Amino acid sequence: MLHAKGRMLSLRTISAALTGAFLFGTVNLLLKPSSYTLDIQDPPTIFTLDSQSYVQGPPTQRFRDNLRNDTRYITSWGSAGWTNDVMTYANLIYLALITERTPIIPKFLSHHIDPSAPPFVFGEVFDLPRLSQAIGIHLLEWHEVKDPESQVVDDLGCWSVWETVQYHMPTPEPRQNPSLKFLKLDISWTQTPPWVELISPSERDNHASFWSLASLAFPDARSNSLASSLNNHPSPQHQVSLPPDDHLLCFDLLYFISAHRTWEWEFDFSPAWRFVGQHMRWTASMERLADSYVRRTLNVPANQPTPPYVSIHIRHGDFHEQCGEVPVDQCFAPLSVIARRVSEVQEELRTRKGIEARHVIMTSDERDPEWWSEVRALGWTWVDHAAERTGERYGKWHPVFIDAIVQSNGAGFVGTLRSTMSTLARRRVQSWHDGATRTVLWGWPGADDH
């Protein structure tokens, strides 16, 4: 399923790869034994990934000097918080699949963690060889294309999706992204045509359609669109007006993208999840690090395996802004409601899989010490990053990474409605472990009554 050197995969090969990935996952679930084990070993290598087959050579001062003439590329950038950026990059990779292009993935930026944290390489948290092997295409990262130390500012023309779909803004404009500063890119934005907007069966909600955007990767839709009067913005530094690049197709933000309806990652049919997201597994080193945290948290003896546990993610933080006139203590679900959901998950694991998941690990952004005392009173526990000095030992990104991995490796999971971190954890537990999951509703008194 690899590219032949100098040639892109055919659509038939792409379709076969997608079908194969789906069938492999289905058969794997059907044949999976009921025992609970963590998959933290390096996967077998079927083919060797050689980035030099997809670029001219080592990273260059100008990105364009490293692009091959016989390969077409696609890129975008994230700027919506780490979990949302994970989803954005999965959307980018899915768009690469259906346009038969090689994606170039940027680093993660620490918008919602700590502005002082340096950008983090995608392939140091997600297992790129395993992902590439699963979906059948190669993936590049920006630091493989352009020298991160380069001071050369490159001109580039890109499409702005944000300007088209954010019609509720007083003055819609392209999405600004700090990644462009790090990459020394001076972008001239062209607004995408209005027909890229997804008209959802439920409501219009600022989303664009995967296939509408994909059509801009092909000659007919591209030429017809550029022949119309689309809004073009000169690049901010060089004041150059450029059409969207065809060799390196680029979009400002691919977070609000769906195939059928808005907020599609919430649904089991989501193509970005099925064909990309579920194959974005953690690196083996990240898995082992997170497992060591779990073992210390649960006081597991060295000669014993990590026991099954139920992971929880409860987001409070800025969600209080969505409570309106409802008092926060009545808006958020109380711990008694969360405990009921945990009991449901434990019972399902017991009856459906024969797993006794007595241990419960909480992850949350709640800062009230009294709330955490009540968590402890329930017999639950949590990873104490302050005591572990995680940030000092590994960097400011790692508490978030470790929490996400701990969530994903629960035999069962309980999450928070409308939290994308909970959405991804729920999807991972379901797909990777055939786990039991529940979502806690909130927003008014008794919201989760059932």
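Quick summary incoming for the structure in this document. This one's a predicted model, so the numbers in the text were calculated from it and none came from an experiment.

On to the overall build of the chain, then. Helix and strand content of the chain: 17 helices and 13 strands. Counting every position in the chain, which comprises 450 residues, the buried fraction comes to 56%. The contacts in the chain between residues at least 6 apart in sequence include a share of 76% that link residues at least 24 apart. Carbon and sulfur atoms form 53% of the exposed surface of the chain, whose accessible area is close to 19900 Å².

This paragraph deals with unusual backbone geometry. The residue W263 is not glycine, and still its phi comes out positive at about 50 degrees. Following the sequence through the fold, W263 ends up in the loop between strand 9 (257-258) and helix 9 (271-275). Overall, W263 belongs to the partly exposed group, its relative accessible area being 38%. Of note in the backbone geometry, D434 takes a positive phi value of approximately 50 degrees without being a glycine. Within the secondary structure, D434 sits in the loop between helix 17 (420-433) and strand 13 (436-440).

The subject of this paragraph is the nonpolar core. If you look at the biggest cluster of nonpolar residues, it comprises 69 residues, and the most contacted ones within it are F108 and F251. For this core, the secondary structure elements donating two or more residues are helix 2 (82-99), helix 3 (128-135), helix 5 (162-165), helix 7 (210-215), helix 9, helix 10 (284-297), helix 16 (398-408) and helix 17. The biggest single contributor to this core is helix 2, with 12 residues. Look past the residues within four positions of F251 in its chain and what remains in contact with it is I74, T75, S76, W77, L95, W159, V161, W189, L213 and L216. Counting 24 residues, the second largest nonpolar core, distinct from the first, contains V342, A357, W382 and V414.

Moving on, we come to the sheet that holds strand 7 (residues 232-233). A sheet is described by the order of its strands in space; here 3 strands give the open sequence 4-5-7, paired in mixed fashion. The open sheet has two edge strands, strand 4 (154-160) and strand 7, and neither has a second partner. Pairing analysis gives 2 bridges linking strand 5 (residues 185-191) to strand 7, with the strands arranged antiparallel. Paired with W189 across the two strands is H233, which belongs to strand 7.

Parameters and conventions
Residues numbered from 1 in each chain as written. Predicted model: local features only at pLDDT ≥ 70, side-chain atom pairs only at ≥ 80, totals over all residues. Heavy atoms only, no water. Helix = DSSP H or I, 4+ residues; strand = E, 2+ residues; numbered from the N terminus. Buried < 20%, exposed > 50% of the residue type's maximum accessible area, 1.4 Å probe, protein only. Contact = heavy atoms within 4.5 Å. Areas by Shrake-Rupley, 256 points an atom, 1.4 Å probe, with all protein chains shown as cover. Core = buried A, V, L, I, M, F, W, Y, C linked by side-chain atoms within 4.5 Å. Pairing = 2+ DSSP bridges.

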